[in-house]
Amino acid sequence: MTNNRRLFLKQAAVLTGAFSATSLFNQAHAEAWHEAEQKVAHLTPQQVAEDEDFWGVIQRAYSVSTNIMILNNGGVSPSPIVVQEAVERYNKLANEGPSYFMWRILDQGREPLREKLALLAGTLADEIAVNRNATEALNTIIYGLPLTKGDEVIATRQDYPHMRQAYHQRALRDGIVHKELSFDFPIENDEQIVKVYADAITPKTKLIHVTHVINWVGQIMPVRKICDMAHAKGIEVIVDGAHSFGLLDFKISDLHCDYFGTSLHKFLSAPIGSGMLWIKKEKIAKVWPLLCDDNPQSGDIRKFENIGTRSFPIEQGIGEAINFHLAIGSKRKEERIRYLKDYWASRVQHVPKVKLHTSLKPAYSCAICGVTIDGMTPQELDGALFGKYKIHTTSIVIENIKCVRITPHVYTTIADMDKLVKAITEIAGTVKG
Ligand SMILES: Cc1ncc(COP(=O)(O)O)c(C=O)c1O
């Protein structure tokens, strides 16, 4: 058997499995997906990205509104039906006797889930902690690192507010120095970005905080280059992967970072309220748990999971989302979502008064693109898109960034993108002056 054939059979088995669990609908849908997959098996991810029949089957695996167009998947993403059903199933089971079914039955799923996440992330299972979101994952590290008065952390004004606030609190409480750089995105030059971080380093710098994909405008940061530069100077790097994990086709081990935190309810489409923390094995012992543990200085990653009573249904639903993601294929997913972004952005790019705030080069963006129309505030554009066209987006006004952020997902269709292009073009045409 050829390698391609072997890979195809493996993928087909995974994707059929992603649908086979419950209803007749799912079984019928599994067949449709199997058929769609067979039709594109010989194509490259870039070619598959343009195949509406294939993505139509995936779109039907979601239950998103057919009336309102959801283009703020960067905020939070819906789960496919199989994931929703798994959560409902586990919830019903939990309520048959929570202390028995949650703590004795569902809890047994956590170690297999850890292994599954590790496989997806390209790490050791013993480096993965399952938690509730990126804020919890990254705050665990930010508050847990043994930084002391005068230690410097280099970060940026374009990082996510919850992480900026955590460093600010450590500055107030412990006297660390939170140095914030500022970037004018888009930037299409890795070396320029790395140099800004490198130039800010002093003998007191202990940590660099990097947002892998800048959530406001979708800029992809050269994480590995920043990590290699930092490590050469003995500095650690923490990566906010909220917008990269489950979207870009990478392994955490590719990044060369020391700490990584992400939500799973964005591009992975896991149940809402799920996240993951990764710490390089030899660094686990020195990070204090955010909450408590009987051995807080142990090297066991599970010390970060002592969060009290949690939602077992949500946690166990993550496994179904991983099945679903693997069935599509990481690279195919990345290329499809990038294709959707390029499709609408390249069509409005030259419309008078329209301005993009994101690079369209594949190395620098994927799902997210920022857009403005001269003569309108981001809030006005966001309002116009929803008011007349029922297109839901989000307006961004933070630091030096002002735009409307558009984020499609795997369930978004080209017909949706055509409607978006029409809406932006018409709105731009109504602006006087
Ligand atoms: C870059 C980035 N980091 C962290 C977060 C926080 O994610 P969560 O709300 O899942 O904690 C977000 C949320 O949008 C984000 O965009």
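What counts, and where the lines are drawn
- Residues numbered from 1 in each chain as written.
- Predicted model: local features only at pLDDT ≥ 70, side-chain atom pairs only at ≥ 80, totals over all residues.
- Heavy atoms only, no water.
- pLDDT = per-residue confidence, 0-100.
- Contact = heavy atoms within 4.5 Å.
- Helix = DSSP H or I, 4+ residues; strand = E, 2+ residues; numbered from the N terminus.
- Near = heavy atom within 4 Å.
- Polar contact = N/O pair within 3.5 Å; in protein donor to acceptor, adjacent residues only side chain to side chain.
- Areas by Shrake-Rupley, 256 points an atom, 1.4 Å probe, with all protein chains shown as cover.
- Nonpolar A, V, L, I, M, F, W, Y, C, P; charged D, E, K, R; others polar.
- Buried < 20%, exposed > 50% of the residue type's maximum accessible area, 1.4 Å probe, protein only.
- Pairing = 2+ DSSP bridges.
- Axes fitted to C-alpha atoms, helices over the stretch in contact; angles between N-to-C directions.

Looking up the protein in an unreviewed UniProt entry gives the name Aminotransferase class V-fold PLP-dependent enzyme, with the organism given as Mucilaginibacter boryungensis.

Asks: So what's going on with the confidence of the model for the protein? Which residues, and what values?
Replies: When pLDDT is averaged along the protein, the result is 94, and 94% of the positions lie at 70 or above. Low pLDDT (under 50) marks residues 3-17, which in the prediction has 17 contacts with non-local residues, meaning those over four places away or in another chain.

Asks: Explain the environment of E320 to me, and be specific about the residues and the numbers.
Replies: Checked against the element boundaries, E320 lands in helix α13 (residues 312-328). Between the alpha carbons of E320 and N189 there is a distance of 38 Å; along the sequence they are 131 residues apart.

Asks: Describe the site of the ligand, with residues and values.
Replies: Around the ligand sit 13 residues in total, of which T135, D240, S263, H265 and K266 are the nearest. One nitrogen or oxygen atom from the side chain of D240 is found 2.6 Å from a nitrogen atom belonging to the ligand. In the model, an oxygen atom of the ligand is placed 2.8 Å from a nitrogen or oxygen of the H265 side chain. Its free accessible area being 390 Å², the ligand has 90% of it covered by the protein chains. Residue composition of the shell around the ligand, by class: four nonpolar, seven polar and two charged.

Asks: Outline the pairing of strand β12 (residues 394-398), listing residues and values.
Replies: Only one face of β12 is covered, namely the face carrying T394, I396 and I398; the face carrying S395 and V397 is uncovered. As judged from the five bridges shared by β12 and strand β13 (residues 401-406), these two strands associate in the antiparallel manner. Across the sheet, the residue bridging to I398 is I401, located in β13. Following β12, the chain reverses through two residues before pairing antiparallel with β13; E399 in that reversal takes a positive phi of roughly 45°.

Asks: So what's going on with the sheet that holds β13? Which residues, and what values?
Replies: Taken in spatial order, the four strands make up an open sheet running β9-β10-β13-β12, and their pairing is antiparallel. Looking at strand neighbours, the two that pair on one side only are β9 (354-356) and β12, the edges of this open sheet. The sheet shows a mean angle of 35° between the axes of neighbouring strands, taken without regard to direction. Inspection of the sheet shows β9 paired to strand β10 (residues 369-373) by three bridges, in the antiparallel sense. Paired with V354 across the bridge in β10 is I373.

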